[in-house]
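Residue-level listing of the chains:
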Amino acid sequence: GFDLSQFEVGDLIGKGAFGEVYVASHKRRKRVKVALKCMMKSQEDRYLDVDGHSTPVLAEVAMMLRLMNAPRCPNIIRLHDWVELEDNFVLILEYAESCQTLLQYIKDTGDIEENQARRLMRQLIRAVMFCTEHGVFHGDIHTANILVTLPRLELKLIDFGCAQPITHKPFNKSDYRGAGHGMPPEALRGRVFHANPAYVWTIGIMLYEIMHGRLAFCNRQSLMFGSIQINPRLSTACVDLISQCLIRNPVQRLQLHQVEEHCWFNPTTPNSLKQF
Ligand code: ADP
Ligand code: MG
Ligand code: MG
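Cut-offs applied
Residues numbered from 1 in each chain as written. Chains lettered and ligands numbered in written order. Predicted model: local features only at pLDDT ≥ 70, side-chain atom pairs only at ≥ 80, totals over all residues. Heavy atoms only, no water. Helix = DSSP H or I, 4+ residues; strand = E, 2+ residues; numbered from the N terminus. Rg over C-alpha atoms; globule rule 2.2 N^0.38 Å. Contact = heavy atoms within 4.5 Å. Areas by Shrake-Rupley, 256 points an atom, 1.4 Å probe, with all protein chains shown as cover. Lys, Arg positive; Asp, Glu negative; His and termini not counted. Charge placed at Lys NZ, Arg CZ, Asp CG, Glu CD. Axes fitted to C-alpha atoms, helices over the stretch in contact; angles between N-to-C directions. Parallel < 35°, antiparallel > 145°, perpendicular 65-115°, else oblique. Donors = N, O, S within 2.8 Å, 3.2 Å for Na, K, Ca; no water. Buried < 20%, exposed > 50% of the residue type's maximum accessible area, 1.4 Å probe, protein only. Pairing = 2+ DSSP bridges. Core = buried A, V, L, I, M, F, W, Y, C linked by side-chain atoms within 4.5 Å. Near = heavy atom within 4 Å. Polar contact = N/O pair within 3.5 Å; in protein donor to acceptor, adjacent residues only side chain to side chain. Nonpolar A, V, L, I, M, F, W, Y, C, P; charged D, E, K, R; others polar. Phe/Tyr/Trp six-rings, centres within 6.5 Å; stacked < 30°, edge-to-face > 60°. Lys NZ or Arg CZ within 6 Å of the ring centre and 35° of its normal.

1. Digging into the overall build of the chain
The secondary structure content of the chain amounts to 8 helices and 12 strands. Computed over its C-alpha atoms, the radius of gyration of the chain comes to 19 Å, within 12% of the 19 Å expected for a compact globule of 276 residues. Overall, the C-alpha framework of the chain stretches about 55 × 40 × 35 Å when taken along its three principal axes. Taking the contacts inside the chain whose residues are at least 6 apart along the sequence as the reference set, 56% of them involve residues at least 24 apart. Accessible surface, the chain as shown: approximately 14400 Å² in total, 49% of it carbon and sulfur. Averaging the locations of the 31 positively and 29 negatively charged side chains of the chain gives two centres separated by 4 Å.

2. Topic: the packing of helix α2 (residues 102-109) against helix α5 (residues 195-212)
Where α2 contacts α5, the axes come no closer than 9 Å and their chain directions differ by 30°. Here α2 lies roughly parallel to α5, going by the angle between them. Where α2 approaches α5, its residues Leu102, Leu103 and Ile106 are matched on the opposing element by Met206, Glu209 and Ile210.

3. Quick look at the coordination of the magnesium ion (ligand 3)
Protein coordination of the magnesium ion (ligand 3) is provided by Asp159 (OD) and Asp159 (OD), with donor distances spanning 2.3 to 2.5 Å. A spacing of 4.1 Å is found between the magnesium ion (ligand 3) and the magnesium ion (ligand 2), which share aspartate 159 as a donor. Inspection of the secondary structure assignment puts aspartate 159 in the loop between β11 (154-157) and β12 (164-165).

4. Focus on the coordination of the magnesium ion (ligand 2)
A metal bound by six donors in octahedral fashion has ideal angles of 90 or 180 degrees, whereas one bound by four tetrahedral donors has an ideal angle of 109.5 degrees. Around the magnesium ion (ligand 2), the donor atoms from the protein are Asn145 (OD1) and Asp159 (OD), and they sit 2.1 to 2.2 Å away. Take asparagine 145: its relative accessible area is 6%, and that puts it in the buried class.

5. Topic: the sheet that holds strand β2 (residues 19-26)
On the basis of which strands lie adjacent, the open sheet formed by 5 strands has the order β1-β2-β3-β7-β6 and antiparallel pairing. What marks the edges here is a single partner per strand, and that holds for β1 (7-15) and β6 (79-84). For this sheet, the mean inter-axis angle between neighbouring strands, taken without regard to orientation, is 25°. When β1 meets β2, the two strands line up antiparallel, connected through 6 bridges. Residue pairing for β2: glutamate 8 is matched across the bridge by serine 25. In the packing of helix α1 (residues 59-66) onto the sheet, contacts are made with β3 (33-40), β6 and β7 (88-94), and the angle to β6 comes to roughly 155°.

6. Thoughts on the nonpolar core
Ile76, Leu102, Met121, Phe160, Ile210, Val259 and Trp264 are the most contacted members of the largest nonpolar core, which has 81 residues in total. For this core, the element with the most residues is α5, which contributes 12 residues. Once you skip the residues sitting within four places of it in the chain, leucine 102 turns out to touch Leu120, Thr143, Ile146, Val148, Met206 and Ile210. Core analysis: the second largest hydrophobic core is formed by 6 residues, Phe7, Ala24, Leu36 and Ile92 among them.

7. So, the site of ligand 1
Taken together, the neighbourhood of ligand 1 is formed by 19 residues, with Gly16, Lys37, Glu94, Ala144 and Asp159 sitting nearest. A distance of 2.9 Å separates an oxygen atom of ligand 1 from a polar atom in the backbone of alanine 144. Starting from 560 Å² of accessible surface for ligand 1 in isolation, the protein chains cover 87%. Breaking the shell around ligand 1 down by element, the ones donating at least two residues are β1, β3 and β8 (99-101). Grouping the amino acids of the shell around ligand 1 by side-chain chemistry returns 12 nonpolar, 4 polar and 3 charged.

8. Focus: unusual backbone geometry
Here the residue pair alanine 70 and proline 71 is connected by a cis peptide bond, since its omega of -5° sits within 30 degrees of zero. With respect to the helices, strands and loops of the structure, proline 71 is situated in the loop between α1 and β6. With omega at 5°, the peptide bond leading from leucine 150 into proline 151 counts as cis. Within the secondary structure layout, proline 151 lies in the loop between β10 (146-149) and β11. Within the chain, serine 98 stands out as a residue other than glycine whose phi angle is a positive 40°. Position of serine 98 relative to the elements: it lies in the loop between β7 and β8.

9. Description of the packing of aromatic side chains
Per the counting criterion, the structure on display carries 9 aromatic pairs. Where tyrosine 176 meets phenylalanine 193, the ring centres are 6.3 Å apart and the plane angle is 50°; that geometry is what we call tilted. With tyrosine 176 in the loop between β12 and α4 (185-188) and phenylalanine 193 in the loop between α4 and α5, the pair connects residues that are 17 residues apart, well separated along the chain. Residue tyrosine 176 is classed as buried on the basis of its relative accessible area, which comes to 7%. Since its relative accessible area comes to 1%, phenylalanine 193 is described here as buried. Taken together through their ring pairs, the aromatic side chains of Phe137, Phe171, Tyr176, Phe193 and Tyr199 make up a single cluster. A cation over a ring is seen here: arginine 118 above tryptophan 264, with NZ or CZ 4.9 Å from the ring centre.

Next comes the structure, spelled out in structure tokens:
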């Protein structure tokens, strides 16, 4: 286990809807740091069973535990341990040192180059693929739930508070618990939806936002019916990838495994050489 009393709580580093995140450093070995995500217990807390535990645990913990078996994915923040108190949960997380949220990174950087974007998107896809392989649908991927370390641009996916286990059954709209930016149109329409195409939609939404500094759709109406305005200065491959991820019909949308095989990620293949 993890001995919290060995740690000294430091600055508040983040605030979400239901909790606060603090950095804490080890009292003797000051360079050892963790992030403490502290949440008030509420009526709506969901609990899930996890292998190897006799009692169900907070769903956020259960979903992260699925992802903590070796070999782990470097692009998903690590859960070291957790504590359940009478009124609070405390998640003891890997601390992403010298990081920004992707939201802040996009604001600060302005025009992000495709090379930079490609580097970030490769890591996001790695995180997403790892989640699907371990039966986890994140359900709340947006730019405040993605951390980017500087200057190395390592990406860490955080906040599994809305995550759902992937089963043989499709999801319903109510299973999409996230803020909504990444919600695919099939979920919004109230149809059932599947994890993989929903993830691909979100990947398109993230790539769009990185390349444009704003959301692809500003409201539900435009998400359902509007056309996407893509910057014509982007490479043909980048425009194609965004458009194919943001196809509203999930059956016609690019498939998850096709995303990382897309020529935007492989700029040296002969067919796409001229665009780079
Ligand atoms: P919530 O579920 O309330 O949205 P998050 O898990 O998204 O909480 O965390 C809120 C904010 O705290 C994040 O947007 C980020 O800025 C910061 N944060 C969370 N976890 C870490 C971490 N491990 N390292 C550094 N910053 C973090
Ligand atoms: Mg969050
Ligand atoms: Mg959350």
